[in-house]
Amino acid sequence: MRALYLICLSLCGMNSMASEINICAEDAWPPHSYAQNNKAVGSSIELIQDAYKNSRYTLKFTSASYHRCLKMTQSGNFSAMINVALTQERRPQFLWPNTPLLSIKLLLIGRDTAQKPSYDVLRGKRIGVTLGYEYPDALQADPSIMQIVSNTELNSLRQLSLGRVDYILLSESSWANLRPQLSAAEQSKLKNLGVIDQLAIYLAFNRDHPEAAQWAAEFDEGMRAISAKRPQPSPTTSHRHN
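Procedures and definitions
- Residues numbered from 1 in each chain as written.
- Predicted model: local features only at pLDDT ≥ 70, side-chain atom pairs only at ≥ 80, totals over all residues.
- Heavy atoms only, no water.
- Helix = DSSP H or I, 4+ residues; strand = E, 2+ residues; numbered from the N terminus.
- Buried < 20%, exposed > 50% of the residue type's maximum accessible area, 1.4 Å probe, protein only.
- Contact = heavy atoms within 4.5 Å.
- 1 Å grid on protein atoms, 1.4 Å probe; cavity = no way out; pocket = protein on both sides within 12 Å on 5 of 7 lines; lining within 4 Å.
- Points joined across faces, edges and corners; volume = space filled by probe spheres on them.
- Axes fitted to C-alpha atoms, helices over the stretch in contact; angles between N-to-C directions.
- Parallel < 35°, antiparallel > 145°, perpendicular 65-115°, else oblique.
- Nonpolar A, V, L, I, M, F, W, Y, C, P; charged D, E, K, R; others polar.
- Disulfide = S-S within 2.5 Å.
- Phe/Tyr/Trp six-rings, centres within 6.5 Å; stacked < 30°, edge-to-face > 60°.
- Pairing = 2+ DSSP bridges.

> Requested: an account of the overall build of the protein, with residues and values cited.
Looking only at helices and strands, the protein features nine helices and twelve strands. Looking at the protein as a whole, 43% of its 242 residues are labelled buried. Of the contacts made within the protein by residues no fewer than 6 positions apart, 70% connect residues no fewer than 24 positions apart.

> Hey, could you go over empty space enclosed by the protein for me, with residue numbers and the actual values?
For the structure shown, the criterion picks out one cavity of 30 Å³ or more. Of the voids in this model, the largest cavity is the one considered here, and its volume is about 220 Å³. In terms of lining residues, the largest cavity is bounded by 17 residues, among which Trp29, Ile104, Tyr133, Glu134 and Glu153 are the most central. Secondary-structure elements contributing two or more residues to the lining of the largest cavity are β6 (80-85), β8 (102-110), β11 (167-171) and β12 (191-206). The element that contributes the greatest number of residues to the lining of the largest cavity is β11, accounting for three residues.

> Describe the packing of helix α2 (residues 43-51) against helix α9 (residues 212-229), and please don't skip the residues or the numbers.
Packing of α2 against α9 brings their axes to within 8 Å, and their N-to-C directions diverge by 100 degrees. Our classification of the angle between α2 and α9 gives roughly perpendicular. Counting all contacts with α2, which are made through Leu47, Ile48, Asp50 and Ala51, the residues of α9 involved are Glu218, Phe219, Gly222, Met223 and Ile226.

> Describe the layout of surface pockets, listing the residues and the values that go with them.
Each pocket or cavity is described by its volume, and for the largest pocket that value is around 300 Å³. If you trace the largest pocket, you find 19 residues lining it, with Glu26, Ala28, Tyr133, Thr152 and Glu153 closest to the centre. Counting residues per element, the ones that place at least two in the lining of the largest pocket are β2 (28-29), α3 (66-74), α6 (153-161) and α7 (172-178). The greatest single-element share of the lining of the largest pocket, amounting to three residues, is contributed by α7. Per-class residue counts for the lining of the largest pocket are eight nonpolar, eight polar and three charged.

> Tell me what's going on with the side chain of Ser79, and back it up with residues and numbers.
Following the sequence through the fold, Ser79 ends up in the loop between α3 and β6. Ser79 has contacts with Glu20, Ile21, Asn22, Thr73, Phe205, Asn206 and Trp215, leaving out every residue within four places of it along the chain.

> Break down the state of the cysteines for me, with residues and values.
Under the definition given, this model contains one disulfide. A sulfur-sulfur distance of 2.1 Å marks the disulfide that ties Cys24 to Cys69. Because the torsion about its S-S bond is -75 degrees, the bridge between Cys24 and Cys69 counts as left-handed. A residue pair is termed long-range when its members are at least 10 positions apart, and Cys24 in strand β1 (residues 20-26) and Cys69 in helix α3 qualify at 45 residues. Judged by its relative accessible area of 0%, Cys24 is buried. For Cys69, a relative accessible area of 0% corresponds to the buried category.

> Give me the packing of aromatic side chains: which residues, what numbers.
Tallying each qualifying case throughout the model produces seven aromatic pairs. Ring geometry for Tyr66 and Tyr133: centres 5.2 Å apart, planes at 80 degrees, overall edge-to-face. Here Tyr66 is found in helix α3, whereas its partner Tyr133 is found in the loop between β9 (126-130) and α5 (137-140), with 67 residues between them in sequence. On the basis of an interplanar angle of 75 degrees and a centroid distance of 5.8 Å, the ring pair of Phe94 and Trp96 is categorised as edge-to-face. Take Phe94 and Trp96: they sit in the same class, and that class is buried. What links up through ring pairs into an aromatic cluster is the set Tyr52, Tyr57, Phe205, Trp215 and Phe219.

> Pulling in residues and values, what's your account of the sheet that holds strand β3 (residues 33-36)?
What the three strands build is an open sheet, ordered β2-β3-β4; its pairing is antiparallel. Of all the strands in the sheet, just β2 and β4 (39-41) have a single pairing partner and so form its edges. Bridge analysis of β2 against β3 gives two bridges, and the strand direction is antiparallel. Within β3, the position partnered with Ala28 by the bridge is Tyr34.

Here's what the structure looks like:
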């Protein structure tokens, strides 16, 4: 009986562990994902919680830097991480659901207002990039572009204000949140040249975990349920997509 009890206890423990998805969440990308009072919060986290609310899984979120989330999820310390862009570089590194969390617009930030946002402008230029972040395939594929790596987007903005890089690509939310943290003198040297590209952002799963495909399938099912509950636009109403 004691042996049966121990076997049951072990199996129950395994089932309990399997029912939890440990998710690493970037700690500094408001409003999508950030740390507040040592807790992971943000719109992406709320959306994931809503997608899984009718599933058998419980969710555990841990805040860390994006680069740390990336490395620790790839190594299996976390089951998944949020807000990963699906690029050619990242595609083989994770297991992906069919449904993105969101699509973000990328702004081209420079110093010369005469330039238009296009990849032609970036050829042969120094582009400030953030360690571990994804960038569009069009940028990564151009060998003439010199990528100058900083630890944070704020540091890249400061490098741009000093003329040490020529351009950076930032999401609209990053530009809105980081620009006020710069001095008036730094802000005066930076220009938003407009939207250069878009990236689809996902909840990405550790590809080696045996339950990853099931996690992704249940996430997609939850996202379909969320979409079905949203009010559908009237056929007689015109809409402008931002």
